[in-house]
Amino acid sequence: NACNYQSWHLYCITDKSKVSALIPDICTQEWIKNASIAVVITENNTRLAERWGKEKADLFVAEDAGACAQNMLLMAAELGYAGVFVGAFDEEKCKKYVGAGENECPVLIVPIGTYEIEPPLRDRKAFDEVVTFYEKVFEKKGSIYTINRWVEFDFGNKLSIYNKLYDGEKIKIK
């Protein structure tokens, strides 16, 4: 988190009826009603704005909220749950609903639960479209590409980068 200011606050809504009550006044995504819990991530950028200015502070709190949500979702997935973060909601109504402080701004809602049917993997961009970053950093092309799955760089020793989401069904990683 930016400057270790810990500018976020998490409001964990664990009562299913209160999760459902987010719809339709705060959110319009009906599927949120199916979540077991919803976590509202708020940010208070006051200290960051004093140090870096409002524009940078707004960027930092968005990054912090995204990282916080990603960490929650990675752990939820590891435990067998599903979730997503939602940024399309009425911030003022959400703030009032969770009782957030005056300087807190709701940034994301993270509904987490189980799913009845595992969603299919979506098509992904070609691997070389998302890995050019490495080629620029390493100042060399990958030596082996296996369509959307692996890219390998040869430096005497080999470095391989794997796109797990592409074919997680074919290779089981423990």
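Residues numbered from 1 in each chain as written. Predicted model: local features only at pLDDT ≥ 70, side-chain atom pairs only at ≥ 80, totals over all residues. Heavy atoms only, no water.

Section: the overall build of the chain
Along the backbone of the chain there are six helices and seven strands. The order of helices and strands in the chain, counted from the N terminus, is β-α-β-α-α-β-α-β-α-α-β-β-β. Among the 174 residues that make up the chain, the fraction classed as buried is 33%. Summarising the internal contacts of the chain: among those between residues at least 6 apart in sequence, 55% fall at separations of at least 24. For the chain, the accessible surface area stands at approximately 11,800 Å², while carbon and sulfur atoms represent 53% of it. (Helix = DSSP H or I, 4+ residues; strand = E, 2+ residues; numbered from the N terminus. Buried < 20%, exposed > 50% of the residue type's maximum accessible area, 1.4 Å probe, protein only. Contact = heavy atoms within 4.5 Å. Areas by Shrake-Rupley, 256 points an atom, 1.4 Å probe, with all protein chains shown as cover.)

Looking at the side chain of Thr42
As for its position among the elements, Thr42 is in strand β2 (residues 37-43). Under the relative-accessibility criterion, Thr42 is labelled buried at 0%. One polar contact links Thr42 to Glu104, side chain to side chain, over a distance of 2.5 Å. When residues no more than four places from it in sequence are discounted, the contact partners of Thr42 are Ser7, Trp8, His9, Tyr11, Ala100, Glu104, Cys105, Pro106 and Val107. (Polar contact = N/O pair within 3.5 Å; in protein donor to acceptor, adjacent residues only side chain to side chain.)

Quick notes on the pattern of salt bridges
A side chain with one charge may pair with a side chain of the opposite charge, provided their charged atoms come close. This structure, assessed with the given rule, holds two salt bridges. Residue Asp58 pairs with Lys54 through a salt bridge whose shortest N-O separation is 2.7 Å. Taken together, the positions of Asp58 and Lys54, both in helix α3 (residues 54-78) and four residues apart, correspond to about one turn of that helix. (Salt bridge = Lys/Arg side-chain N within 4 Å of Asp/Glu carboxyl O.)

A word on helix α4 (residues 91-98)
Along α4, the positions that sit buried rather than exposed are Cys94, Lys95 and Val98. Across the axial projection of α4, the buried residues extend over an arc of 100°, all falling on one side. Opposite its buried face, α4 presents the exposed residues Glu92 and Lys96, each directed more than 90 degrees away. On its buried side, α4 packs onto β1 (8-13), β2 and β4 (105-113). The N-capping residue of α4, defined by a side-chain oxygen 3.2 Å from the backbone nitrogen of Glu92, is Asp90. Two residues or fewer after α4 comes Gly99, characterised by a positive phi angle close to 75°. (Arc of directions from axis to C-beta.)

Some words on the nonpolar core
Ranked by internal contacts, the top residues of the largest apolar core, which has 17 residues, are Ile26, Cys27, Ile32, Val40 and Ile109. Aside from chain neighbours lying at most four places away, what touches Val40 is His9, Leu10, Tyr11, Ile13, Cys94, Val98, Pro106, Leu108 and Ile109. One finds Val39, Cys68, Leu73 and Val110 within the second-largest nonpolar core, a separate group that totals eleven residues. (Core = buried A, V, L, I, M, F, W, Y, C linked by side-chain atoms within 4.5 Å.)

With respect to the confidence of the model for the chain
Across the chain, the average pLDDT comes to 84, with 83% of residues at or above 70. The lowest-confidence element of the chain is helix α6 (residues 132-138), averaging 64 in pLDDT; the highest-confidence one is α4, averaging 97. Every residue in residues 170-174 is under pLDDT 50, and counting partners more than four places away or in other chains gives four contacts. (pLDDT = per-residue confidence, 0-100.)

Observations concerning α3
Over its 25 residues, α3 extends 36 Å from the first C-alpha to the last, a length consistent with the 36 Å expected when each residue adds 1.5 Å. By the burial criterion, the buried members of α3 are Ala57, Phe60, Val61, Asp64, Ala65, Cys68, Ala69, Met72, Leu73 and Ala76. Looking at the packing, one finds that the buried side of α3 touches β1, β2, α2 (46-52), β3 (82-83) and β4. (Expected span 1.5 Å × (residues − 1).)

Some thoughts on the sheet that holds β4
Strands sit in the order β1-β2-β4-β3 across an open sheet of four strands; the sheet is antiparallel. What marks the edges here is a single partner per strand, and that holds for β1 and β3. Inspection of the sheet shows β1 paired to β2 by six bridges, in the antiparallel sense. By the bridge assignment for β2, Leu10 is matched with Ile41. Lying on the sheet, α3 is in contact with β1, β2, β3 and β4; it crosses β4 at an angle near 10°. The sheet contacts of α4 involve β1, β2 and β4, and relative to β4 the element is tilted by about 70°. (Pairing = 2+ DSSP bridges. Axes fitted to C-alpha atoms, helices over the stretch in contact; angles between N-to-C directions.)

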